[in-house]
Amino acid sequence: MNRVLHMPEIIDIIVGWSVQAHPKPWSRIPHNPTLATLAALARTCRAFKELALNALWFDLQDLSPLVECLPRDSWECDPACEPIYRFIRPLTETEWCTLRGYARRIRALGAVVTYRTLDATSIRILCHPPTTDPLFPNIQRVVWSDSRRETFPFIRSLAGPNTRSLTITAWDPAWGTGQLAIIATLKTLCSEMRTISFPRRSNAHLANVVSWVLRGWDNLTNVRCNVIDETALLHLGSLRSLVSLSFQIAPEGHALNPSTQPLVDMFTSLSSLTVAAARLDDIRRLMLRLRVALTSLEVAVRILAAQHEVQSLLVTLGQSCNHDHLKSIYIVHAHSVLPESSPALTLTIDTLSPLSCFGNLEQIDIDANCPIALDGNDILRLASAWPRLIMFSLNKIHGWRTSSGITPLDLLQLVTVCTHLQTLTVMLDTKSFASVPLERPGGGFSNQELTLDVLDSQIIEPSIAPLAALLSDLFPKLRRIYNWGCAMREHPDADMYKERWLKVEKLLWPFGAVRIQERRFKERIGAGHESAEDAALST
């Protein structure tokens, strides 16, 4: 064999190309070409074996491949919908050596959703290997999604000094002191933690332990958790490494300092912030304390606020967030549909205009679960402040629940101003658009890539063909028009409107095909020659 192939750097490149050749290289699907290639490399010669095996075992979704490396008489698998593996006898010393030989190569273990698991007894066996050395010494990333109380201690066998990322998705609020004690040990066990994600479902006891554990890590870059106290918030703010933070403000509000005094020289590297709270005012008071250069902000609130509270929050964002850095904003109200007749709960141009100071916004997604009243001039006024807009979505889940003043021709002006727009979710007023214009409204302008959701837009039969003609002209690649989602189907005529929008959708391709046919015909007969169809239309 050529001496070049004995160089670890060259072999590493070969192995790397084998992994990159498949979009999901470590997926344990049958006949995965990446796994087959790596296994073949490991068997080719001794020079390839170590690096190929390291890549083969780098990332496991579950421990079933490790079990399957043992003799068949040592384990069995229950062939149910979700296969459960179990050891059927104690493992021999040779079998433990086999496990350790492969387990030391694992760098990432677990997935949010797993389909193969070990039974609780087998997990306990792996917790106690016949050695003082850890069974999994090199794991850097762990995703724990096992909801069984009796298997939770196994997380201590997986996480260790080399662990940099830990995600715990399973947690039962009924779990007690034993599970909390295991969480508390992570502070010392994984001293070099970078990315941590604790379950969003928790209780006061878990929140206290999580706050205490967070204060023990000084190199965190990404944190996702539930409620944290003031001391934990200040510690996270002091970290120059922290770039992403997601947490919840306690319903009582006493976990954080109620003061609105700005935090000086805090969260200097934070670029992504996600905050959930019961009331908008809790989030507003938090934002008053921050002076951050965020690129992404997500806000979730459980109690529907009045219009002035929404506007106050947006004004506060203009004070606390750098105007040039913020690119994405997402505000959602999660519960409680309030009466549509209440004028205090209608979002207008005055509510949203404070966001105009963020000239580099690319994504705006607001679902306030209340009526929205905007006309074409309002949309253009907002859009002119966000020329880089890629996604613009208002009340995607709940709809506008009013008679929108945005006409189909307003869409033309919107996409002309926001030339990068790819996702648009607004309500349209189609009643006055009932005839096909003889001239192309856009004069040939088109947006090639757009996902359109017209929400709870009502539509009359005469508007179907004109809308299809306009939309196919403005958005040549548009093939699907989303409308009347689940939360809007309570309207008595929802099914009728949905059927009409389906007719518009079905006409998009034929209109586009006729336009292509006409263009090709004109190209053949030469520029400046009027076709018979054009002459007939002009008369």
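Residues numbered from 1 in each chain as written. Predicted model: local features only at pLDDT ≥ 70, side-chain atom pairs only at ≥ 80, totals over all residues. Heavy atoms only, no water.

Digging into empty space enclosed by the protein
Item 1. Enumeration over the complete set of coordinates arrives at four cavities of 30 Å³ or more.
Item 2. Within this model, the second largest cavity holds a volume of roughly 90 Å³.
Item 3. Tallied by class, residues from the lining of the second largest cavity come to four nonpolar, three polar and three charged. (1 Å grid on protein atoms, 1.4 Å probe; cavity = no way out; pocket = protein on both sides within 12 Å on 5 of 7 lines; lining within 4 Å. Points joined across faces, edges and corners; volume = space filled by probe spheres on them. Nonpolar A, V, L, I, M, F, W, Y, C, P; charged D, E, K, R; others polar.)

Some points on the packing of helix H15 (residues 408–417) against helix H16 (residues 464–474)
In a pair of packed helices, the angle between the axes and the distance between the axes together describe the arrangement.
Item 1. Put simply, H15 and H16 touch, their axes get as near as 10 Å, and they point 5° apart. Comparing the axis directions of H15 and H16 gives the class roughly parallel. Two secondary-structure elements touch here, H15 through Pro408, Leu409, Leu411 and Leu412 and H16 through Leu467, Leu470, Leu471 and Leu474.
Item 2. Broken down by class, the residue content of the contact of H15 with H16 amounts to eight nonpolar, no polar and no charged. (Axes fitted to C-alpha atoms, helices over the stretch in contact; angles between N-to-C directions. Helix = DSSP H or I, 4+ residues; strand = E, 2+ residues; numbered from the N terminus. Parallel < 35°, antiparallel > 145°, perpendicular 65-115°, else oblique. Contact = heavy atoms within 4.5 Å.)

Digging into the pattern of salt bridges
Where charged atoms of side chains with opposite charge meet at close range, the side chains can pair.
Item 1. All told, the structure shown has 20 salt bridges when counted by the stated rule.
Item 2. The salt bridge partner of arginine 89 is glutamate 95, with a shortest N-O separation of 2.5 Å.
Item 3. Given the relative accessible area of 6%, glutamate 95 is considered buried.
Item 4. Between arginine 284 and aspartate 281 there is a salt bridge, and its shortest N-O distance comes to 2.9 Å. With arginine 284 and aspartate 281 both in helix H11 (residues 280–289) and three residues apart, the pair spans about one turn of that helix.
Item 5. The class of arginine 284 is partly exposed, set by a relative accessible area of 22%. (Salt bridge = Lys/Arg side-chain N within 4 Å of Asp/Glu carboxyl O. Buried < 20%, exposed > 50% of the residue type's maximum accessible area, 1.4 Å probe, protein only.)

Some remarks on helix H17 (residues 494–525)
Item 1. The end-to-end C-alpha separation of H17 is 47 Å, in line with the 46 Å expected for 32 residues at 1.5 Å each.
Item 2. The principal kink in H17, of about 30°, is found at leucine 507, preceding the proline proline 510 by one to four residues. (Expected span 1.5 Å × (residues − 1). Bend = angle between axes of the 7 residues up to and from the residue.)

Regarding the environment of leucine 389
Item 1. Positionally, leucine 389 belongs in the loop between helix H14 (376–383) and strand E15 (391–394).
Item 2. The spacing of leucine 389 and leucine 424 is 35 residues in sequence and 10.0 Å in space, taken between C-alpha atoms.
Item 3. With sequence-adjacent residues up to four places away left out, leucine 389 is seen in contact with Leu361, Glu362, Gln363, Ile364, Cys418, His420 and Leu421.

Topic: the packing of aromatic side chains
Item 1. For the structure shown, the criterion picks out 10 aromatic pairs.
Item 2. Each ring, one from phenylalanine 136 and one from phenylalanine 154, has its centre 6.1 Å from the other, and the planes form 80°; the classification is edge-to-face. Of this pair, phenylalanine 136 sits in the loop between helix H6 (120–126) and strand E6 (141–144) while phenylalanine 154 sits in the loop between E6 and helix H7 (155–158), placing them 18 residues apart in sequence.
Item 3. A relative accessible area of 2% places phenylalanine 154 in the buried class. (Phe/Tyr/Trp six-rings, centres within 6.5 Å; stacked < 30°, edge-to-face > 60°.)

Remarks on the sheet that holds strand E3 (residues 84–87)
Item 1. The strand order across the open sheet formed by three strands is E2-E3-E5, and the pairing between neighbours is mixed. The open sheet is flanked by strand E2 (75–78) and strand E5 (117–118), the only strands paired with a single partner.
Item 2. Of the strand pairs in this sheet, E3 and E5 are connected by two bridges, and their pairing is parallel. Among the inter-strand pairings, isoleucine 84 is bridged to a residue of E5, identified as threonine 117. (Pairing = 2+ DSSP bridges.)

Some thoughts on the nonpolar core
Item 1. By size, the foremost hydrophobic cluster in this structure holds 150 residues, and its most contacted members are Leu214, Phe247 and Phe267.
Item 2. For this core, the element with the highest residue contribution is H16, accounting for six residues.
Item 3. If sequence neighbours within four positions are ignored, phenylalanine 247 has contacts with Arg200, Cys225, Asn226, Ile228, Leu233, Leu256, Leu273, Thr274, Val275, Ala276 and Leu286. (Core = buried A, V, L, I, M, F, W, Y, C linked by side-chain atoms within 4.5 Å.)

Concerning the environment of leucine 53
Item 1. For leucine 53, the location among the structural elements is in helix H3 (residues 46–56).
Item 2. Assessed through its relative accessible area of 10%, leucine 53 is described here as buried.
Item 3. Measuring from C-alpha to C-alpha, the distance between leucine 53 and alanine 39 comes to 7.2 Å, with 14 residues separating the pair along the chain.
Item 4. When residues no more than four places from it in sequence are discounted, the contact partners of leucine 53 are Ala42 and Arg105.

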